[in-house]
Amino acid sequence: MKRAGCLLLSFIAVAPAATAAFYFLSPGSESDGAPGRSSASASAHSPEKDKSAAEREADDKMIASLPPGLAAPQKKELAQQIVASAENSTLDWRSAYGYIEDIGDGQGYTAGIIGFCSGTHDLLTLVERYTKGHPDNGLARYLPALRKIDGTDSHEGLDPGFTAAWKKEATHQAFRDAQDNERDRVYFDPAVRLAKLDGLGTLGQFVYYDAMVFHGPGTGPTGFYGLREAAIKEADTPSQGGKESAYLDIFLDLRRKAMRTKKAGIDTSRIDTAQRQFLYDGNLSLKTPLTWRVYGETYRVR
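Keep in mind that this is a model prediction, so the values were computed, not measured.

Glancing now at the packing of aromatic side chains. Counting across every chain of the model gives 15 aromatic pairs. Look at Phe188 and Tyr209: their rings are 5.0 Å apart centre to centre, the planes differ by 80°, and that puts the pair in the edge-to-face class. Residue Phe188 is found in helix α6 (residues 173–197), and its partner Tyr209 is found in helix α7 (residues 202–215); the two are separated by 21 residues along the sequence. Take Tyr209: its relative accessible area is 0%, and that puts it in the buried class. Consider the rings of Phe206 and Tyr209, whose centres lie 6.5 Å apart with planes at 70°: the pair is edge-to-face. One end of the pair is Phe206 and the other is Tyr209, both in helix α7 and three residues apart, which spans about a single turn. Residue class for Phe206 comes out buried when judged on its relative accessible area of 0%. Grouping aromatic residues by their ring pairs yields a cluster made of Tyr109, Tyr130, Tyr142, Phe162, Trp166 and Phe175.

This is the structure in C-alpha cells:
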C-alpha cells in the first residue's frame, strides 16, 4: 500500500543555526484540507525563527551536550525504515529514490524517498538546488514547467517524459544525495532539533519526525508546528517539567485526530500499531529489536 496522501508542505521551517536557513516561497497559503502537507507560505515560520542568535547558540550548545538520539547513524537508519513502512510498505527506503507517480490526491506527482510533490513546492526546490550543482542533469529542462504548475496538480509541461527522467536521474548517486540532503534539511534536522529542545528522547524525536514528514512544517491546526502548539496547551513537555510519556500520548492523540480531519477514514496504523505501541511498551529509547504493524503488515528490525 502506498502513502495515503502526498506529504504536503505548508510553511517555512527554519533549520538550526549550524545549517543554512531555508525559505519556501510558493503561491499558496496554508490549506490544511488535503491529506498531508499543504502549500508553502513565506509568512509563517518555526519557533526557531523568533529566537536571537544568542538563544540559538545556547540551544546549539545544549543539544551538543546531549546523546545523539535519533541522529545516531543506526537510529537514523531505523527512522527511515519505519517511515518507509508507512510511506511505501517496505523497509528498503532506498528503493524509493526513483519512485514517482500521481496518487490522485490533488498534489501532482509524488516522488522520491520522502514524497516530494510537484504541487507543493518541495519537489521544485529539490530540482532547483540539484541543478545548481549539476546543471546538465536530466530534470533541469523541466524547471520552467515545474515553476508554472507549482501549487497545482497539473502535469502540463511534464508529460510524457518527466517520470522517465526522474527514474533515470535517480540512478545517479548525486541525485540520491540531493534527496537525502533535502530530507534532512527540511524534515529530519528541524524535527529532531526541536524534539531535543523539548526534552524528548529518541522515540519522541521520531514521533516529531514522522509528524513533520506526513503533516509538513505547518503552523495551522493540522501542520506539525500547530500540532505541537496544541499539545503544549494540554501538557508540559519534559523540558517544561512534564512527563515524557504523557506528553507524547497527547501529541499522538492530536496527530491522529488531525489525520482524520484531513481525510475521513484514513488508516492511522502508523500511529496506532507502531508509534503508540512503542510508547505503551515504554520503549522511549526506540531500542531494537523492534516489531510494529502498518496497514496490517508486520515489520521487524533486529
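Before going further, it helps to spend a moment on the environment of Thr288. Structurally, the position occupied by Thr288 is in the loop between α10 (269–280) and β4 (290–294). Residues Thr288 and Arg302, 14 residues apart in the sequence, show an inter-C-alpha distance of 5.9 Å. If we ignore the near neighbours within four places in the chain, the residues touching Thr288 are Lys75, Leu78, Val301 and Arg302.

Strand order in this open sheet of three strands is β1-β2-β3, and the pairing throughout is antiparallel. What marks the edges here is a single partner per strand, and that holds for β1 (100–101) and β3 (116–117). Relative to strand β2 (residues 110–111), β1 runs antiparallel, the two sharing two bridges. What sits directly across from Glu101, in β2, is Thr110.

For α7, built from 14 residues, the straight-helix expectation of 20 Å at 1.5 Å per residue is met to within 8% by its first-to-last C-alpha distance of 20 Å. Counted residue by residue, α7 has 14 buried out of 14 residues, so it is predominantly covered. Taken from the residues just after α7, Gly216 is the one with a positive phi, measuring 80°.

Side chains Leu290, Trp292 and Val294 of β4 all project onto a buried face; the interleaved residues Thr291 and Arg293 project onto a face where none is buried. Taken together, β4 and the strand that follows it, strand β5 (residues 297–301), pair antiparallel across an intervening segment of two residues, in which Tyr295 is found at a positive phi of about 55°.

What follows deals with α10. Along α10, the residues classified as buried are Ser269, Arg270, Ile271, Ala274, Gln275, Arg276, Phe278 and Leu279. On the buried face of α10, the contacting elements are α2 (73–87), α7, α9 (244–262) and β4. Looking one or two residues past α10, Gly282 carries a phi angle of roughly 75°, positive in sign.

To continue, consider the pairing of β5. Direction of pairing for β4 relative to β5: antiparallel, over a ladder of five bridges. Directly across from Thr291, in β5, lies its bridge partner Arg300.

Moving on, we get to the nonpolar core. If you look at the biggest cluster of nonpolar residues, it comprises 77 residues, and the most contacted ones within it are Phe162, Trp166, Tyr208, Tyr209, Phe251, Leu286 and Trp292. Residues in contact with Phe162, not counting those within four places in the same chain, are Ile100, Tyr109, Leu123, Leu139, Tyr142 and Leu146.

About the criteria used
- Residues numbered from 1 in each chain as written.
- Predicted model: local features only at pLDDT ≥ 70, side-chain atom pairs only at ≥ 80, totals over all residues.
- Heavy atoms only, no water.
- Phe/Tyr/Trp six-rings, centres within 6.5 Å; stacked < 30°, edge-to-face > 60°.
- Helix = DSSP H or I, 4+ residues; strand = E, 2+ residues; numbered from the N terminus.
- Buried < 20%, exposed > 50% of the residue type's maximum accessible area, 1.4 Å probe, protein only.
- Contact = heavy atoms within 4.5 Å.
- Pairing = 2+ DSSP bridges.
- Expected span 1.5 Å × (residues − 1).
- Core = buried A, V, L, I, M, F, W, Y, C linked by side-chain atoms within 4.5 Å.

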